[in-house]
Amino acid sequence: MSTESTNERTSKPNAEAKAMQSDVPEQYRKNATPERGKAIIELSGVTKTFFRGKEPLTVLDGLSLSIEEGGFEALMGPSGSGKSTLLNLIAGLDRPTSGKAIIAGNDIGAMSDGELAKFRARHIGFIFQSYNLMPVLTARENVELPLLLTKLSSTERRKRAETALRVTGLENRMDHYPRQLSGGQEQRVAIARAIVHDPTILVCDEPTGDLDRKSADDILELLTKLNVDFKKTILMVTHDPAAADRATITRHLNKGRLE
Amino acid sequence: MIQLFLIAARNLKRSWFRTTFTVAGCAVALLAFVMLRTVLSAWNVGAEHAAQDRLGTRHKVTFIMPLPKRYIDDVRQVPGVKQATFANWFGAKIPTQPDEFFANFAVESKTYFDVYDEMIVSPEDKARWLADKKGAIVGHVLAKKMGWKIGDKVVLEGTIYPGDWEFNIDGIYKASKKSMDDSQLVFHWDYLNDALTGEQKDMIGWVSSRVTDTSRSGEISREIDRIFDERDTQTVTMSERAMNVSFMAGFSALLTALEVVSVIILGIMLLVLGNTIAMGVRERTKEYAVLRAIGFEPWHVRFFVIAEAATLGIVSGVVGVGIAYPFVNNMVGRAIEENMGGMFPYFRVEPNTALLAVAIAIALAAFASLIPSIQAGRVSVTDALRRVG
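Residues numbered from 1 in each chain as written. Chains lettered and ligands numbered in written order. Predicted model: local features only at pLDDT ≥ 70, side-chain atom pairs only at ≥ 80, totals over all residues. Heavy atoms only, no water.

**What to know about the overall build of chain A**
Note the cut-off: Working definition: helices are DSSP H or I runs of at least four residues, strands are E runs of at least two. Numbering for both runs from the N terminus. Each residue is placed in one exposure class: buried if its accessible area under a 1.4 Å probe, protein chains only, is under 20% of its type's maximum, exposed if it is over 50%, and partly exposed if it falls in between. Whether two residues touch is decided by their heavy atoms; if any such pair falls within 4.5 Å, the residues are in contact.
When its secondary structure is counted, chain A shows eight helices and 11 strands. Relative to its full complement of 259 residues, chain A shows a buried share of 57%. A separation threshold of at least 6 residues defines the contact pool for chain A, and within that pool the share at least 24 residues apart is 75%.

Dropping the structure here:
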């Protein structure tokens, strides 16, 4: 049984965001009109067991979950509760030991490694706590990375990367290297990288964990904008109650089960 | 793929210190490799560039034992022999510089430069020399090294033929083939012979002949030796190439040792490259995991590692050869040609050696990256990205 706390969404779309949206290419917006009520993430009786030597360790225990397309959900819980494992499953980085995980219509448990890689490239945008940008690449080049897996021309890749950076408010930092950016700006680059290929779901693992309050609020504002204006489905693992407040639904995980 | 390669190549900028030292280490190893290969190729220049149509006839026992001068007339009578000449090893030194080695021969004046037509002498110099019994013609490298010029008088101290021997520098030759030593001194055999008495008189060191048809060299060689089979002094005749090869065979152990050392150098280079690449891969495990997370497949990651290593190999190869070329050709090579011209008449980096060095650097780097690349491709994305949660 799961207990969901529903927050009153603080959606703050502004004129600038609207303007940016109009700048986004058509292909970019193809997922921008989600079918409300349709589940994009469906977990049913999912168990994940790891082995420490011969000792089995059940991290997710018969977990069932449904997340609607266009939703913004937060996942909270104590350390070791299975948040990251759940996130990895939804992101197609891992497969369930048992149970069904249907993400964006794909049965994660039945997919090969290659299929999972293609699934991630198509449907998932990752936002990590520690940004994980490549230090030898500029902001624009970092954002272009996922597009290298596509057949887009270099001009088109560049154009899309610049659009993504404009969406995240970094139009003046495109040619900066990560070392020349603040933590908040680095995370914005990471968000631009996560959205540049127009994924179905944004998976955020403690996106504000390394940031000060002000920067964290800015990032949360940006995520809200991506959810409200660009209709991205967002699943965010966080320890920060203020971050969880931005989500429409907060779920609590404990010992591999939703409370 | 090109884009991925370029990104991988830029990874070398991450640690300038490490990249610089790795490239420097590899460049030094390549310099040593290029030098050793140049020694080996220079050693073989004599055989590789030997005149195809030139035969050498020497004493059957050893080349240091002389032949009667009258043998030259018999050789000239053999069908298929176009021209023939003879020479003696003189072995004299400059009294004030006894350690300065250069080859010096007493030669048959009228024919020597016809048989050794790769020694280019101007008609004026040759005419001056032919008219001067004490005349000598020297290679341009030797002349430059000793500061000799036409008209100079030079005194050499004989070792095989004792005494002080005075020569006039009448001409300077320049070799048109890599196999010809540019540091020789040649003078009239008559000048030597006239001064000799007893058993040394009218004796020659060897006969060199040119044949009309190179395909009959073996047959002509056998015919020459057959003539002298019943005489007191038998001969052995072989092509110049075979003669050079048989001379070099005496150094085969040394050449093998050089080959082994060059392989060891490559082994050291492999370890240097492997260490650098493995360190880079270990440090970037999380980055590879991120690439995997955003959709890159294991082969992309392997390609990434190998491309970075190959770039390191290209840079190392270009830097190494870039240093080796001027170092060998303008410094070491010149010194060796001047001082050891008899053994290494042409000591320069061959283009093939340079290309081989660059290719080996790239291949070694790619090979050294194989295991790290496989490990990087196998990285567990969830483990690498794992956080408590």
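Still more to cover.
**Let's talk about the packing of helix H6 (residues 183-195) of chain A against helix H7 (residues 213-228) of chain A**
Residues and elements named next belong to chain A. Let me state the cut-off plainly: Throughout, an axis means a line fitted to C-alpha atoms (over the contacting stretch in the case of helices), and angles, computed between N-to-C directions, take values from 0 to 180 degrees. Every angle not falling under 35 degrees, over 145, or within 65 to 115 is termed oblique; those three ranges are roughly parallel, roughly antiparallel and roughly perpendicular. If you view the pair so one helix is near and one far, a crossing is left-handed when the near helix is turned anticlockwise from the far one by less than a right angle, and right-handed when it is turned clockwise.
Where H6 contacts H7, the axes come no closer than 10 Å and their chain directions differ by 20°. Relative to H7, the element H6 is oriented roughly parallel. Handedness of the crossing formed by H6 with H7: right-handed. Note on element contacts: H7 touches H6 through Ser215, Asp218, Ile219, Leu222, Leu223 and Leu226, opposite Gly184, Gln187, Arg188, Ile191 and Ile195.

**Observations concerning the packing of helix H5 (residues 154-167) of chain A against H6(A)**
Residue and element names in this part refer to chain A. Stated formally: We call Asp, Glu, Lys and Arg charged. Ala, Val, Leu, Ile, Met, Phe, Trp, Tyr, Cys and Pro are nonpolar, and the rest, Gly among them, are polar.
The contact between H5 and H6 brings their axes to 9 Å, and the two run at 130°. Between H5 and H6, the angle falls in the class oblique. Read as a crossing pair, H5 and H6 show a hand that is right-handed. Residues Ala164, Leu165 and Val167 of H5 form the contact with H6, whose own contacting residues are Val189, Ala192 and Ile195. Here the contact of H5 with H6 is composed, by residue class, of six nonpolar, no polar and no charged.

**A look at the packing of aromatic side chains**
Residues and elements named next belong to chain B. For clarity, the cut-off: Each Phe, Tyr or Trp ring (for Trp, its six-membered ring) is paired with any other whose centre lies within 6.5 Å, and the angle between the two planes then decides the class: stacked below 30 degrees, edge-to-face above 60, tilted in between.
The tally for this structure, following the rule as stated, stands at 20 aromatic pairs over all chains. Taking 4.7 Å as the distance between ring centres and 45° as the angle between the ring planes, the aromatic pair formed by Phe17 and Phe21 counts as tilted. In this pair, Phe17 and Phe21 both sit in helix H2 (residues 16-48), four residues apart, roughly one turn of the helix. Residue Phe17 shares its accessibility class with Phe21, and that shared class is exposed. Each member of the aromatic cluster is reached from another via a ring pair, and the members are Phe90, Tyr161, Trp165, Phe167, Phe187 and Tyr191.

**Some words on the interface of chain B and chain A**
Bring the parts together and some accessible area is lost; that lost area is often taken as the interface size. Convention followed: The term buried area denotes the loss of accessible surface (1.4 Å probe radius) that occurs when two parts are joined, taken as the sum for both partners. Here, a salt bridge means any side-chain nitrogen of Lys or Arg that lies within 4 Å of a carboxyl oxygen of Asp or Glu. For the purposes of these results, a polar contact is taken to be a pair of N or O atoms within 3.5 Å, where, inside protein, one atom must be able to donate a hydrogen and its partner to accept one; residues adjacent in sequence count only when each atom of the pair is a side-chain atom.
The interface of chain B with chain A comprises 26 residues on the first partner and 36 residues on the second. Interface area for chain B against chain A, summed over the two sides, is near 2500 Å², with a carbon-plus-sulfur share of 62%. Between chain B and chain A we count two salt bridges in total. Two residues, A:Lys118 and B:Glu297, come together in a salt bridge whose shortest N-O distance is 3.0 Å. Viewed at the interface, chain A and chain B are joined by six residue pairs in polar contact (both at pLDDT 80 or more). It is helix H11 (residues 285-293) of chain B that contributes the most residues to the side of chain B that touches chain A, six residues altogether.

**Considerations on the pattern of salt bridges**
Taken as a whole and assessed by the stated rule, the structure comprises 35 salt bridges over all chains. Among the ionic pairs, B:Glu283 bridges to B:Arg18, the shortest N-O distance being 2.5 Å. One end of the pair, B:Glu283, is in helix H10 (residues 252-283); the other, B:Arg18, is in helix H2, and 265 residues separate them in sequence. Look at B:Glu283 and you get exposed, because its relative accessible area is 53%. A network of salt bridges, in which partner residues are shared, links A:Arg140, A:Arg158, A:Glu162 and A:Asp175.

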